[in-house]
Amino acid sequence: MPRGGGLMAPRVHPLLLLLLCTLAAPAWPGSGSEGDGGWQRRGPGVPAAVAEEERCTVERRAGLSYAEFVQHYAFSRPVILQGLTDNSRFRALCSRERLLASFGDSVVRLSTANTYSYQKVDLVFQEYVEQLLHPQDPTSLGNDTLYFFGDNNFTEWASLFRHYTSPPFGLLGTTPAYSFGIAGTGSGVPFHWHGPGFSEVIYGRKRWFLYPPEKTPEFHPNKTTLAWLQDTYPALTPSARPLECTIQAGEVLYFPDRWWHATLNLDTSVFISTFLN
Ligand SMILES: *[C@@H]1O[C@H](CO)[C@@H](O)[C@H](O)[C@H]1NC(C)=O
Ligand SMILES: *[C@@H]1O[C@H](CO)[C@@H](O)[C@H](O)[C@H]1NC(C)=O
Ligand SMILES: *[C@@H]1O[C@H](CO)[C@@H](O)[C@H](O)[C@H]1NC(C)=O
């Protein structure tokens, strides 16, 4: 039987074609479609400062080898790694609906969003999602803002975390440890430092500000990153500016040992860090 050429092509109704194209189009983060995992809610007043940087000054690398990572970044500068791992399964399990269905009743430990004094508060996960996941008020202090990041119960949430593939780049003498979190638009952690690690965005966008260990930034440890961005950042001279970039879902930022960093969630974000301790 001859193979059908153009004449044999099945007739597709234009409306069906349109529907197929719509279904095939990738959902864009923040568009309110399924691509945001159901995390973006329309809500009142997101401050204007909750925006991406004018120019990303952290290198982005796709297909970086481990040798290149060790030689050029591991001990010297941050880098954004693309296409490192495929966490689409984990991402699907992290939709608002799936997480609430699986862990709505479990208790999460929240920390205050300031630099030093991490006061802890325990709250039922569903209450955190429904009541505390609102946009950050730019006038409130970091030490008065509760943030869900880290202090995870890996026994209770094992069915989720076993699906996370961490960045495959280790560092000699360190052990990886996960910190998982979800936080509202405009929230973040102000400047602090610790050991090296990776941070991956699962849903939403996260803007990063980084300084090398010898360049202590000017900041108030109880103010939010948002307040720092509005009050301090605009007056910085070009040489006093941090390295900065906004990472998107699926990207992984690496920060070296003792680098100062502050974060700002540009959307309601789901994220996970792998700390190398
Ligand atoms: C938060 O920090 C401010 C300024 O550092 C301080 O005045 C205030 O008492 C602190 N609030 C709490 C709840 O500790
Ligand atoms: C920050 O807030 C904490 C309480 O949350 C307070 O003990 C500390 O003194 C404050 N730090 C500064 C520099 O105001
Ligand atoms: C983790 O969750 C389990 C089950 O709910 C609970 O028994 C255990 O005490 C929790 N562990 C911690 C460290 O909170």
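As the structure is a computational prediction, the values presented were derived from the model and not from experiment.

Describing the overall build of the protein chain
Stage number 1. A count of helical and extended segments in the protein chain gives seven helices and twelve strands.
Stage number 2. Out of the 277 residues in the protein chain, the part that is buried amounts to 45%.
Stage number 3. In the protein chain, once contacts between residues fewer than 6 apart in sequence are set aside, the share between residues at least 24 apart is 83%.
Stage number 4. For the protein chain, the accessible area works out to roughly 14500 Å², and carbon and sulfur atoms hold 55% of it.

Some points on the packing of aromatic side chains
Stage number 1. For the structure on display, the rule yields 32 aromatic pairs.
Stage number 2. Pairing Tyr-147 with Phe-149 gives two aromatic rings, centres 6.5 Å apart and planes at 75°, and the pair type is edge-to-face.
Stage number 3. Judged by relative accessible area, which is 4%, Tyr-147 ranks as buried.
Stage number 4. A relative accessible area of 22% places Phe-149 in the partly exposed class.
Stage number 5. Summarising the aromatic geometry, the rings of Phe-255 and Phe-275 are spaced 6.3 Å apart at their centres and angled 55° between planes, so their arrangement reads as tilted. With Phe-255 in strand E10 (residues 252-255) and Phe-275 in strand E12 (residues 269-276), this pair connects stretches of sequence that are 20 residues apart.
Stage number 6. For Phe-275, a relative accessible area of 16% puts it in the buried group.
Stage number 7. A network of ring pairs unites the aromatic residues Phe-90, Phe-103, Phe-125, Tyr-128, Phe-148, Phe-154, Trp-157, Phe-161, Tyr-164, Tyr-178 and Phe-180 as a single cluster.
Stage number 8. If you follow Lys-206 out to its NZ or CZ, it ends over the ring of Phe-271, 3.5 Å from the centre.
Stage number 9. Looking at Arg-207, its charged tip hangs above the ring of Tyr-233, at a distance of 5.6 Å from the centre.

What to know about helix H5 (residues 125-132)
For an α-helix, the turn length of 3.6 residues means that residues three or four places apart are oriented alike.
Stage number 1. Among the residues making up H5, those that are buried are Phe-125, Tyr-128 and Val-129. Buried residues of H5, seen end-on, are gathered within an arc of 95° and therefore sit on one face of the element.
Stage number 2. Close packing links the buried residues of H5 with helix H4 (96-103), strand E3 (107-112), strand E4 (120-124), strand E5 (146-149) and strand E6 (176-183).

So, the site of ligand 1
Stage number 1. As a matter of local geometry, ligand 1 sits amid Leu-141, Asn-143, Asp-144, His-220 and Asn-222.
Stage number 2. Asn-143 is positioned with one of its side-chain polar atoms (N or O) 2.3 Å from an oxygen atom of ligand 1.
Stage number 3. Between an oxygen atom of ligand 1 and a side-chain N or O atom of Asn-222, the distance comes to 2.8 Å.
Stage number 4. For ligand 1, the protein covers 40% of the area, taking 360 Å² as the surface of the free molecule.
Stage number 5. Classifying every residue of the shell around ligand 1 by side-chain character gives one nonpolar, three polar and one charged.

Concerning empty space enclosed by the protein
Stage number 1. Taken as a whole and assessed by the stated rule, the structure comprises one cavity of 30 Å³ or more.
Stage number 2. Taken as a whole, the largest cavity spans an internal volume of roughly 40 Å³.
Stage number 3. Along the walls of the largest cavity sit Pro-190, Phe-191, Phe-219, His-220, Lys-223, Thr-224, Thr-225, Trp-228 and Ala-262, which together make up its complete lining.
Stage number 4. In terms of residue class, the lining of the largest cavity is made up of five nonpolar, three polar and one charged.

Rules of the game
- Residues numbered from 1 in each chain as written.
- Chains lettered and ligands numbered in written order.
- Predicted model: local features only at pLDDT ≥ 70, side-chain atom pairs only at ≥ 80, totals over all residues.
- Heavy atoms only, no water.
- Helix = DSSP H or I, 4+ residues; strand = E, 2+ residues; numbered from the N terminus.
- Buried < 20%, exposed > 50% of the residue type's maximum accessible area, 1.4 Å probe, protein only.
- Contact = heavy atoms within 4.5 Å.
- Areas by Shrake-Rupley, 256 points an atom, 1.4 Å probe, with all protein chains shown as cover.
- Phe/Tyr/Trp six-rings, centres within 6.5 Å; stacked < 30°, edge-to-face > 60°.
- Lys NZ or Arg CZ within 6 Å of the ring centre and 35° of its normal.
- Arc of directions from axis to C-beta.
- Near = heavy atom within 4 Å.
- Polar contact = N/O pair within 3.5 Å; in protein donor to acceptor, adjacent residues only side chain to side chain.
- Nonpolar A, V, L, I, M, F, W, Y, C, P; charged D, E, K, R; others polar.
- 1 Å grid on protein atoms, 1.4 Å probe; cavity = no way out; pocket = protein on both sides within 12 Å on 5 of 7 lines; lining within 4 Å.
- Points joined across faces, edges and corners; volume = space filled by probe spheres on them.

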